[in-house]
Amino acid sequence: MELNENQKNAISALFGRIRVTAGAGTGKTRVLVNRYIYLLDTIGVDPANILCLTFTNKACHELKDRIIKTIGVEGKSVCVKTFHSLCYQLIKEEAKVHGKISNDFMIIDEEDAKFIIKQLISDKEILHEKAYDYVQALKLFQIGSDVVNQKLIQDFHQSESANRLYYSMKNFDQGSETLGYLSQYGWWLYEEYQRHLREHRLLDFNDLLLYATECLDNEEILKRWQSKFQVIVVDEV
């Protein structure tokens, strides 16, 4: 299939941020692969200095395979990762400089995280699934902030993500009890959950995003990772 003019522009553009918006099956991934070819062959970028981020492991493997099939063995050097796997690598390498966590941490899945929340809440009338959702929503809201304090909690309780969570409780018999509990003890629950993870050297999936962001707040770490890649491409934003 012949590339159209907009696709050619996306492939050859070199400066600033470029966003490609198109429906499924219109050739976005083909544009990315052709952009790699252009960067390697025409511009002379080292394949190891190109980072491609995507959301799922499946998409990550498919994109890597497609790059290798198109440009050959050189494509093996292109760094293709999910957001979480990049964060994992960053934290592993920078844990000592970051200082808050050791680099021998283990990742827990959603089921394990929910079990910890359940253990922390003694009241059986509370919806543990919603308490877990609250903790994770607060964690994502915290990203970019230095600490979780009363002001951040107040801002979170007024946020769109918190309102969606509260609304989702309305159809449950224990929704009002859970909402009351989280309004009063949500901060405590979050702090206890995070303390438990730290003490046992555990991270959940959203911790990867949180701690990676904190690492990059360090100027030394930021410069080191900026120097690793000349080009960053994000698939399926």
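Scroll up for the structure.
Residues numbered from 1 in each chain as written. Predicted model: local features only at pLDDT ≥ 70, side-chain atom pairs only at ≥ 80, totals over all residues. Heavy atoms only, no water.

**Q** Before we go on, may I ask you to explain the overall build of the chain in this structure?
**A** Scanning the chain from terminus to terminus reveals 11 helices and 5 strands. When burial is assessed residue by residue, the chain has 41% of its 237 residues classed as buried. Within the chain, contacts between residues separated by at least 24 positions form 68% of all contacts whose residues are at least 6 apart in sequence. For the chain, the accessible area works out to roughly 14100 Å², and carbon and sulfur atoms hold 50% of it. For the chain, the separation between the mean place of its 29 positive charges and that of its 34 negative charges on side chains is 4 Å. (Helix = DSSP H or I, 4+ residues; strand = E, 2+ residues; numbered from the N terminus. Buried < 20%, exposed > 50% of the residue type's maximum accessible area, 1.4 Å probe, protein only. Contact = heavy atoms within 4.5 Å. Areas by Shrake-Rupley, 256 points an atom, 1.4 Å probe, with all protein chains shown as cover. Lys, Arg positive; Asp, Glu negative; His and termini not counted. Charge placed at Lys NZ, Arg CZ, Asp CG, Glu CD.)

**Q** Got a minute to help me understand the environment of D173 in this structure?
**A** As for its placement among the helices and strands, D173 is situated in the loop between α8 (160-168) and α9 (175-199). For the pair D173 and L127, spaced 46 residues apart in the sequence, the C-alpha separation amounts to 9.5 Å.

**Q** Before we go on, may I ask you to explain unusual backbone geometry in this structure?
**A** For residues that are not glycine, phi is negative in most cases, and the peptide bond is trans in most cases. A positive phi is found at R201, a non-glycine position, where the angle reads about 55°. Following the sequence through the fold, R201 ends up in the loop between α9 and β4 (202-203).

**Q** Please explain the side chain of D204 as it appears in this structure.
**A** Structurally, the position occupied by D204 is in the loop between β4 and α10 (205-216). Overall, the relative accessible area of 3% leaves D204 in the buried class. Only 2.7 Å separates the side chain of D204 from the side chain of K139, close enough to count as a polar contact. Only 2.7 Å separates the side chain of D204 from the side chain of Y193, close enough to count as a polar contact. Setting aside its immediate chain neighbours within four residues, D204 contacts I108, Q136, K139, Y193 and L197. (Polar contact = N/O pair within 3.5 Å; in protein donor to acceptor, adjacent residues only side chain to side chain.)

**Q** Please explain the pairing of strand β2 (residues 79-82) as it appears in this structure.
**A** Every other side chain in a regular strand lies on the same face of the sheet, so the side chains alternate between the two faces. Of the two faces of β2, the one lined by C79 and K81 and the one lined by V80 and T82 are each fully buried. Of the strand pairs in this sheet, strand β1 (residues 50-54) and β2 are connected by 4 bridges, and their pairing is parallel. Note that in β2 the partner of T54 across the bridge is T82. Tracing the backbone out of β1, into helix α3 (residues 57-71) and back to the parallel element β2 gives a crossover that is right-handed. (Pairing = 2+ DSSP bridges. Right-handed = clockwise from strand over helix to strand, strands pointing away.)

**Q** Explain the sheet that holds β1 to me, please; I cannot follow it from the model alone.
**A** Strands pair in a sheet through their backbones, by hydrogen bonds, and they do so in one of two ways: parallel or antiparallel. Read from one edge to the other, the open sheet built from 3 strands follows the order β2-β1-β5, with strand pairing classed as parallel. In this open sheet, the two strands that pair with only one neighbour each are β2 and β5 (231-234). Neighbouring strand axes in the sheet, compared pairwise and without regard to direction, differ in orientation by 20° on average. Docked against the sheet, helix α2 (residues 28-43) engages β1 and β5, running at close to 170° with respect to β1. Lying on the sheet, helix α4 (residues 83-98) is in contact with β1, β2 and β5; it crosses β2 at an angle near 105°. (Axes fitted to C-alpha atoms, helices over the stretch in contact; angles between N-to-C directions.)

**Q** Explain a negative patch on the surface here, please?
**A** Residues D123, E125, D173 and E177 make up a contiguous surface patch of negative charge. Tracing the backbone shows E177 in helix α9. Judged by relative accessible area, which is 39%, E177 ranks as partly exposed. (Patch = residues over 30% accessible without salt bridge, like charges linked within 9 Å, V, L, I, M, F, W, Y side chains within 5 Å. Salt bridge = Lys/Arg side-chain N within 4 Å of Asp/Glu carboxyl O.)

**Q** Can you walk me through the environment of Q194 in this structure?
**A** Considering the arrangement of structural elements, one finds Q194 in helix α9. Exposure remark for Q194: the relative accessible area of 5% places this residue in the buried category. Spatially, the C-alpha atoms of Q194 and K124 are 21 Å apart, while their sequence positions differ by 70 residues. Setting aside chain neighbours within four positions, we find Q194 in contact with K139, D207, L210 and Y211. Within polar-contact distance, the side chain of Q194 engages the side chain of D207 at 3.1 Å.

**Q** In this structure, what is going on with the nonpolar core? I would like to understand it.
**A** Soluble globular proteins: nonpolar side chains tend toward being buried together. I117, Y134, L189 and Y193 are the most contacted members of the largest nonpolar core, which has 28 residues in total. Elements with a minimum of two residues in this core: α5 (110-120), α6 (128-142), α7 (150-157), α8 and α9. Counting residues in hydrophobic clusters, the runner-up holds 16 residues, among them L32, L63, I67 and V233. (Core = buried A, V, L, I, M, F, W, Y, C linked by side-chain atoms within 4.5 Å.)

**Q** Hey, could you run me through helix α1 (residues 5-12) in this one?
**A** In an α-helix, one full turn covers 3.6 residues, which means residues spaced three or four apart are oriented alike. Of all the residues in α1, the buried ones are Q7, A10 and I11. Relative to the axis of α1, the buried residues are bounded by an arc of 100° and lie together on one face. Pointing more than 90 degrees away from the buried face of α1 are the exposed residues E5 and N6. For α1, the elements touching its buried residues are α2. (Arc of directions from axis to C-beta.)

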